[in-house]
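If you want the building blocks of each chain, they are given just below.
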Amino acid sequence: MSISQPFRLVGGGRIDRRRRVDFRFNGLRFEGYRGDTLASALLANGVRTVGRSIKYHRPRGFVGSGAEEPNGIFTVRHTGVEGSTIPHAPGTVVELVEGLEAHAVNGWPSLRFDFAGGLQWLGGMLSAGFYYKTFMWPRAAWHWYEWAIRRMAGNGRAPDGPDPDRYDKRNAFCDVLVVGGGPAGLAASLAAARAGARVILADDQPELGGSLLGARRQLGGKPAFAWVANCAAALADEPEVTVLSRTTAFGFYDHGFVAALERCTDHLPPPRRRGPRERVWRIRARRVVLAAGATERPLVFENNDRPGIMLAGAAAAYVNRYGVAPGRRAVVFTNNDSAWRAALDLVEAKIEVAAIVDVRPEPGGALAARAEAAGIPVLAGHAVVDTQGRNALRRVRAARLDGSGARNLDCDLLAVSGGWNPNLHLHAQSGGRPRFDETRGCFLPGPPVQAETGAGACRGTFRLDACVREGAQAGREAALAAGFRDVGVISAPSTDEEGTTDPDPAWAVHSRRPRPRRAFVDFQNDATAADLALAVREGFESIEHIKRYTLLGFGTDQGKTGNVNGMALAAGALGRSPAQVGTTTFRPPYTPVTFGAAAGLATGELHDPLRVTPMHEWHEAQGAVFEPVGQWLRPWYFPKPGEEMRAAVARECLAAREGVGLFDASTLGKIDLQGPDAAVFLDRIYTNDWSSLAIGRCRYGLMLGEDGMVMDDGVTARLGEHHYLMTTTTGGAAHVLGWLERWRQTEWPELRVRFTSVTDQWATIGVAGPRSRDLVASLCEEIDLGPESFRFMEFREGVFAGVPCRIFRISFTGELSFEINVPADYGRYAWDRIVERTEEFSITPYGTETMHVLRAEKGFIVVGQETDGSVTPVDLGMEWILSKKKDFIGRRSLARSDCRRPDRRRLVGLAAADPNEVLPEGAQLVDEPFTFLPVPMVGYVTSSYWSPNLGRSIALALVAGGRDRSRVFAALEDGRFVPVDVVSPVFLDPRGERQRG
Amino acid sequence: MLLIECPWCGPRDESEFSYGGEAHIVRPPEPDRLTDEEWADYLFMRKNPRGRHLEQWCHAHGCRQWFNAERDTVTSEIVRIYRVE
Ligand SMILES: [Zn+2]
């Protein structure tokens with residue numbers, strides 16, 4: 001034994017003793033070996049207390065040796081690696097690497113002297129529901145309570161900075177997915193592979209072998225590990241097999257879709273890390289073989305949580321897999337035979353076993369003789385009823401089940417086994433319903449719902465040779481079901497199997513006292529047997545409610561060790577069987593998945609596609625401030641050096657009404673409609689009449705949902721006999737296209753019309769203002785732009801600045817304006833030709849904010865701003881656009897009684913009594929501010945701006961009864977109510993003379 | 001995530017599709033002849049069966065074609081896929 005690792009066994013284990021690894025725990029230096037986990041290395045160094053429990057702050061040590069670990073949770077970093085922090089890692093799955101720094105998650109301010117350790121003497125005060133009941137008063141103090149509770153409860157420290165690591169996702173397909181690389185999974189993979197199936201084997205450990213990694217077993221007369229090595233070599237030779245190690249299948253979704261998390265680099269020293277840190281595999285499998293193994297469950301007894309009390313299988317794993325003695329003198333406490341093998345493994349490793357305490361009157365079966373030969377004293381029909389030891393276990397007290405014959409046994413390790421729970425998570429997630437098996441004392445998978453089979457321990461089969469046989473059969477059948485040849489019965493090696501893992505099915509709380517208070521069920525959440533009993537006494541019956549009240553299974557370990565005990569004890573308190581009470585829901589993920597892995601590469605710039613117009617670089621060069629609109633990035637305003645937003649927008653607004661405003665409208669959705677029935681189709685989709693529209697003319701159209709509510713709007717032009725170009729709102733383009741397709745395909749397949757999105761094919765340049773005609777004329781000689789020959793709401797095709805163009809004389813500003821469409825690749829070129837004439841025509845580029853102000857001055861709505869899915873055209877004062885001659889989508893709904901209520905909210909203009917008061921958008925409107933609460937709300941502000949052209953503030957609003965009201969009050973955030981006049985929504989040029997000029 | 005067999009493109013992940021709700025709801029040819037209740041029935045009322053359900057799907061991020069599927073709402077099994085006629 002090396003001095004630095006006093007609990008390291010002389011030999012054995014699957015660690016590499018030539019490779020020492022330095023690491024730190026809570027600031028102290030330790031040493032372990034390559035192949036260790038953080039847990040095995042700490043135990044090798046005699047570190048037994050690794051945290052404090054969340055509620056009572058009791059010292060805790062490792063309970064398990066894998067993903068089930070409830071206590072040993074750490075914040076893990078690596079020396080010299082900035083920002084890379086794992087806030088909540090079980091030490092039992094963290095592989096030891098050089099430079100690893102671990103900190104106990106629980107135990108502020110220190111493990112030895114825990115500030116709140118005294119809480120445990122408060123006894124029954126902190127029972128189930130304590131937080132709910134106690135910290136609700138006074139309410140104002142809750143924020144302090146919460147801070148203190150969270151501080152004391154610990155939990156991992158979230159990293160401060162952005163995650164420096166990269167994460168990846170990968171889609172994969174296979175004929176047979178095998179989950180778990182233990183004896184059943186290996187046999188299944190080989191059988192399926194030999195049939196020719198494409199196989200993925202996902203296993204969460206660094207090397208294959210599963211439970212055999214931690215057990216000393218024989219298969220076919222040889223150490224089982226020789227069989228594992230043969231299987232691994234055979235799988236490596238199969239070209240259609242992919243073995244994913246360090247890969248946890250964490251979710252089983254519909255139609256054979258399984259998500260798995262591969263940990264790619266955490267096990268490597270930082271300098272050797274390449275590629276993504278973690279990768280999510282999205283696997284679509286035709287058949288799934290679940291060989292996920294089983295998890296041992298503890299026994300429930302008084303003070304069953306001291307450091308040094310661990311699962312018997314975990315104790316054996318520390319000895320066999322890591323060459324670590326989890327203690328020097330052990331007691332084994334069990335209700336089944338599996339722990340007897342653990343006891344024999346301990347003896348083999350020269351660890352003294354003071355006694356096997358077994359609740360069964362005649363325990364041990366065939367193993368009893370071997371235990372006797374090994375000189376292990378056996379206390380049959382006994383239970384451990386209490387333990388002692390301040391910071392770690394020193395002594396246990398055992399007694400007969402009737403309480404007699406009590407005796408103390410000195411020990412520093414208590415290895416417990418309450419039986420084994422098949423890992424049913426994936427089966428249950430796939431839709432299966434676990435059922436309780438009284439004989440085996442555990443839940444077993446129910447009938448499969450998807451193309452899924454269980455094999456081995458996760459199906460309740462615990463004999464090693466039976467696991468291998470069952471796995472081979474499952475692999476054979478899966479390949480056959482996936483359409484591959486039958487490889488026939490596969491011979492499986494026999495084993496040294498002795499004894500049974502079926503536990504004594506009695507669910508008991510072992511204690512000297514009638515009402516033990518410190519018999520823990522869920523270690524991570526400090527839920528005790530007494531809490532469960534209390535929950536039942538207080539009237540809870542559903543296991544889902546009991547779970548929420550006691551926090552059973554709510555930790556990061558998701559109750560892998562505690563849930564079944566808790567359900568069985570709750571069932572006992574309710575006077576029912578576990579079968580009647582059932583399990584709580586098994587939700588993905590099986591083990592925690594980092595946010596980084598969930599996001600994958602879709603972060604930062606790759607989070608969402610970013611769309612920019614052909615003129616984007618020009619906008620950037622001009623110093624434009626951008627705003628996102630859907631996926632588009634649009635210029636918001638173009639500030640001059642040192643200019644504030646309000647001044648810039650005012651300058652842009654005035655310029656567009658006095659000279660020429662230049663606007664990039666390329667983001668508007670554009671849909672090309674062609675076919676002889678296009679006009680008929682438009683008549684049904686839009687509220688107004690389209691059959692009468694002449695070629696070369698445009699019309700504004702409003703689209704409703706079938707419920708009569710405004711959905712989208714835009715101008716559509718008739719380009720030819722059977723050819724239309726529809727524009728949509730920037731954000732609505734994709735939805736509108738889907739809407740058109742849906743009606744044509746599902747309702748009117750007889751209509752001959754087709755749709756193509758051409759949004760990205762055209763750049764759209766808007767020029768507005770009194771001098772816009774002169775500007776366009778200077779660049780477009782062949783089109784006669786005269787007011788009589790090219791009238792408002794018409795369009796022309798031709799050549800603009802030497803490139804093909806479509807020019808629409810339409811206006812969203814209320815000014816004389818033109819929208820010049822050129823093929824997108826010419827967009828920047830055409831834009832530059834206009835910009836060259838800036839001085840000649842006093843051109844000012846403007847952004848979306850000015851566009852909003854200009855249209856609001858005219859009372860033009862913006863769908864999604866003046867509308868919210870509950871606004872009809874009548875509400876907007878747009879009765880004029882509703883055709884009375886035809887049916888259209890949504891028309892009938894406008895006649896429903898609710899749509900005809902006189903007190904519906906209607907679009908109005910608002911003029912604050914103080915013209916300098918710009919109301920906040922969204923502000924609520926009331927009739928009478930100083931009245932009894934609650935004050936009825938009569939409407940709200942939808943758009944609000946400072947109008948430079950009017951020299952005052954303006955707003956649009958939806959107000960009940962519309963202009964029946966003449967004055968309302970706007971409620972401001974600062975508590976003021978300001979008087980506001982209700983006016984026409986058209987503030988400027990109500991007769992529309994400017995745009996028709 | 002469902003695996004949906006587009007009649008034109010073949011099996012694809014659910015994320016490529018959009019869901020259209022209950023299939024075979026025919027728009028009334030003469031809405032004006034319907035009472036408010038009858039219109040509301042067309043507009044709002046949908047079957048919500050436990051079991052087999054006929055529903056519309058669109059291969060939105062593929063061929064943009066709508067089609068019908070018969071799906072078991074309990075098991076998510078897609079029993080049948082058929083074109084809109
Ligand atoms: Zn398709």
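A. Focus on the overall build of chain B. Counting its regular elements, chain B contains one helix and six strands. The linear arrangement of helices and strands in chain B, starting from the amino end, is β-β-β-α-β-β-β. Along the first, second and third principal axes, the C-alpha set of chain B runs to 45 × 30 × 20 Å. The burial tally for chain B puts 42% of its 85 residues in the buried class.

B. Geometry of the overall build of chain A. Along chain A, the regular secondary structure elements total 24 helices and 51 strands. Seen through its C-alpha atoms, chain A measures out along the principal axes to roughly 115 × 70 × 55 Å. For chain A, with 997 residues in total, the buried portion stands at 59%. In chain A, the proportion of contacts linking residues at least 24 apart, taken out of those at least 6 apart, comes to 66%. When the accessible surface of chain A is summed, it comes to about 40700 Å², and 52% of that surface belongs to carbon and sulfur atoms. Taken together, the 119 basic and 117 acidic charged side chains of chain A have centroids lying 5 Å from each other.

C. Region of the structure containing the environment of A:Val935. Residue and element names in this part refer to chain A. Relative to the assigned elements, Val 935 resides in the loop between β47 (924–926) and β48 (937–947). Classification of Val 935 as partly exposed rests on a relative accessible area of 23%. Along the sequence, Val 935 and Val 581 sit 354 residues apart, while their C-alpha atoms lie 49 Å from each other. Excluding residues within four positions of it along the chain, Val 935 makes contact with Val 926, Glu 928 and Pro 929.

D. Inspection of the packing of aromatic side chains at higher detail. All names here are of chain A. Per the stated rule, a full pass over the model turns up 26 aromatic pairs over all chains. Here the aromatic rings of Trp 618 and Trp 831 are separated by 5.4 Å at their centres, their planes lie at 70°, and the arrangement is edge-to-face. Of this pair, Trp 618 sits in helix α16 (residues 616–621) while Trp 831 is found in helix α21 (residues 827–835), placing the two residues 213 residues apart along the sequence. Note on Trp 618: relative accessible area 8%, which makes it buried. According to the relative accessible area criterion, Trp 831 is buried, its value standing at 1%. Taking the centre distance of 6.0 Å and the plane angle of 85° together, the rings of Phe 681 and Trp 748 count as edge-to-face. With Phe 681 in helix α18 (residues 678–685) and Trp 748 in the loop between α19 (733–747) and β40 (754–757), this pair connects stretches of sequence that are 67 residues apart. Here Phe 681 matches Trp 748 in class, with each residue buried. Here the aromatic residues Phe 681, Trp 739, Trp 743, Trp 748 and Phe 755 are joined through ring pairs into a cluster of three or more. The ring of Phe 554 has Lys 547 sitting right over it, with the charged end atom 5.0 Å from the ring centre.

E. Region of the structure containing the nonpolar core. All names here are of chain A. Judged by nonpolar contacts, the single largest core of 78 residues is most densely connected at Phe 25, Leu 38, Leu 42, Phe 74, Tyr 318, Phe 333 and Leu 414. When residues are assigned to domains, this core turns out to be shared by domain 1 (1–160) and domain 3 (298–418), each giving three or more. Ignoring any residue separated from it by four or fewer positions in sequence, one finds Leu 42 in contact with Phe 23, Phe 25, Val 47, Val 50, Phe 62 and Phe 74. In terms of nonpolar packing, the next biggest core, distinct from the first, is built from 35 residues, Ala 193, Leu 201, Leu 212 and Ala 224 among them.

F. Examining the interface of chain B and chain A more closely. With 26 residues of chain B at the interface, the matching set in chain A holds 28 residues. Carbon and sulfur atoms supply 44% of the area buried between chain B and chain A, which totals about 2500 Å² over both sides. The three residues of chain B that bury the most area against chain A are B:Met1, B:Arg27 and B:Arg64, which together make up 29% of that side's buried surface. Run the count over chain B and chain A and you get seven salt bridges. Measuring nitrogen to oxygen at the nearest pair gives 2.9 Å for the salt bridge that ties A:Asp887 to B:Arg27. Inspection of the region where chain B meets chain A yields 23 residue pairs in polar contact (both at pLDDT 80 or more). In the side of chain B that touches chain A, the residues fall into 14 nonpolar, six polar and six charged.

G. Expanded view of the coordination of the zinc ion. Residue and element names in this part refer to chain B. Those protein atoms acting as donors to the zinc ion are Cys 6 (SG), Cys 9 (SG), His 59 (ND1) and Cys 63 (SG), and they sit at 2.0 to 2.3 Å. Given four donor atoms and angles of 104 to 116° at the metal, the environment of the zinc ion is assigned as tetrahedral. Mapped onto the polypeptide sequence, the residues donating to the zinc ion form the spacing pattern C-x2-C-x49-H-x3-C. Here the residue Cys 6 occupies a position in strand β1 (residues 3–6), and Cys 63 occupies one in the loop between β4 (52–58) and β5 (66–72), the gap between them amounting to 57 residues. By relative accessible area, which is 25% here, Cys 63 ends up partly exposed.

H. Up close: the sheet that holds strand β22 (residues 382–388) of chain A. Residue and element names in this part refer to chain A. What the three strands build is an open sheet, ordered β22-β23-β24; its pairing is antiparallel. A strand with exactly one partner marks an edge of an open sheet, and here the two such strands are β22 and β24 (407–410). Pairs of neighbouring strands in the sheet enclose a mean axial angle of 30°, with direction left out of account.

I. Structural view of helix α10 (residues 464–481) of chain A. Taking 1.5 Å of rise per residue, 18 residues should cover 26 Å, and α10(A) covers 26 Å from first to last C-alpha, within 8% of that figure. Of all 18 residues making up α10(A), 13 are buried, and the element is well covered by its neighbours.

J. Highlighting the pattern of salt bridges. Counted according to the given criterion, the structure contains 68 salt bridges over all chains. Between A:Glu706 and B:Arg27 there is a salt bridge; the shortest N-O distance is 2.5 Å. In this pair, A:Glu706 sits in the loop between β37 (698–704) and β38 (710–720) while B:Arg27 sits in the loop between β3 (18–22) and α1 (36–44), so the two residues belong to two different chains. Across this residue pair, the class does not change: A:Glu706 and B:Arg27 are buried.

K. Quick peek at the sheet that holds strand β18 (residues 309–311) of chain A. Residue and element names in this part refer to chain A. Spatially, the five strands line up as an open sheet ordered β18-β25-β19-β20-β21, and their pairing is parallel. Both edges of this open sheet fall to β18 and β21 (378–380), since each of them pairs with a single strand only. The average undirected angle you get between the axes of adjacent strands in this sheet is 20°. Relative to β21, strand β20 (residues 352–358) runs parallel, the two sharing three bridges. What sits directly across from Val 357, in β21, is Leu 379. Lying on the sheet, helix α6 (residues 312–320) is in contact with β18 and β25 (413–417); it crosses β18 at an angle near 90°.

L. Structural detail: the side chain of A:Arg306. Residues and elements named next belong to chain A. Its location among the elements puts Arg 306 in the loop between β17 (300–301) and β18. In this structure, Arg 306 is buried with no salt-bridge partner, the nearest side chain bearing the opposite charge being Asp 386 at 5.1 Å. A distance of 3.0 Å separates polar atoms of two side chains, one belonging to Arg 306 and the other to Thr 387.

M. Quick look at the environment of A:Arg284. For A:Arg284, the location among the structural elements is in strand β15 (residues 278–290). Classification of A:Arg284 by relative accessible area gives buried; the value is 6%. Separated by 31 residues in sequence, A:Arg284 and A:Tyr253 place their C-alpha atoms 9.7 Å apart. A distance of 3.1 Å separates the side chain of A:Arg284 from the backbone oxygen of B:Leu2, its partner in a polar contact.

N. Expanded view of unusual backbone geometry. Residues and elements named next belong to chain A. In this structure, the amide linkage connecting Pro 588 to the following residue, Pro 589, adopts the cis form with an omega of 0°. Tracing the backbone through its elements, the reader meets Pro 589 in the loop between α14 (578–581) and α15 (595–599). A cis amide bond, omega -5°, links Leu 933 with the succeeding residue Pro 934. Within the element layout of this structure, Pro 934 appears in the loop between β47 and β48. The backbone phi angle of His 255 is positive, close to 55°, even though this residue is not glycine. The backbone phi angle of Leu 551 is positive, close to 70°, even though this residue is not glycine. With respect to the helices, strands and loops of the structure, Leu 551 is situated in the loop between α12 (543–550) and α13 (563–574). Overall, the relative accessible area of 32% leaves Leu 551 in the partly exposed class.

O. Broad picture of the state of the cysteines. Residue and element names in this part refer to chain A. A full pass over the atoms with the stated rule returns zero disulfides over all chains. A disulfide-free cysteine, Cys 174 has its sulfur positioned 16 Å from the sulfur of Cys 458, the nearest such atom. Residue classification places Cys 174 among the buried positions, given a relative accessible area of 3%. Considering cysteine sulfurs only, Cys 467 is the nearest to Cys 458, which forms no disulfide, with 9.0 Å between them.

Conventions we followed
Residues numbered from 1 in each chain as written. Chains lettered and ligands numbered in written order. Predicted model: local features only at pLDDT ≥ 70, side-chain atom pairs only at ≥ 80, totals over all residues. Heavy atoms only, no water. Helix = DSSP H or I, 4+ residues; strand = E, 2+ residues; numbered from the N terminus. Buried < 20%, exposed > 50% of the residue type's maximum accessible area, 1.4 Å probe, protein only. Contact = heavy atoms within 4.5 Å. Areas by Shrake-Rupley, 256 points an atom, 1.4 Å probe, with all protein chains shown as cover. Lys, Arg positive; Asp, Glu negative; His and termini not counted. Charge placed at Lys NZ, Arg CZ, Asp CG, Glu CD. Phe/Tyr/Trp six-rings, centres within 6.5 Å; stacked < 30°, edge-to-face > 60°. Lys NZ or Arg CZ within 6 Å of the ring centre and 35° of its normal. Core = buried A, V, L, I, M, F, W, Y, C linked by side-chain atoms within 4.5 Å. Domains from an automatic or database assignment. Buried area = accessible area lost by both parts, 1.4 Å probe. Salt bridge = Lys/Arg side-chain N within 4 Å of Asp/Glu carboxyl O. Polar contact = N/O pair within 3.5 Å; in protein donor to acceptor, adjacent residues only side chain to side chain. Nonpolar A, V, L, I, M, F, W, Y, C, P; charged D, E, K, R; others polar. Donors = N, O, S within 2.8 Å, 3.2 Å for Na, K, Ca; no water. Tetrahedral: all angles 85-135°; square planar, octahedral: opposite > 155°, others 65-115°. Pairing = 2+ DSSP bridges. Axes fitted to C-alpha atoms, helices over the stretch in contact; angles between N-to-C directions. Expected span 1.5 Å × (residues − 1). Disulfide = S-S within 2.5 Å.

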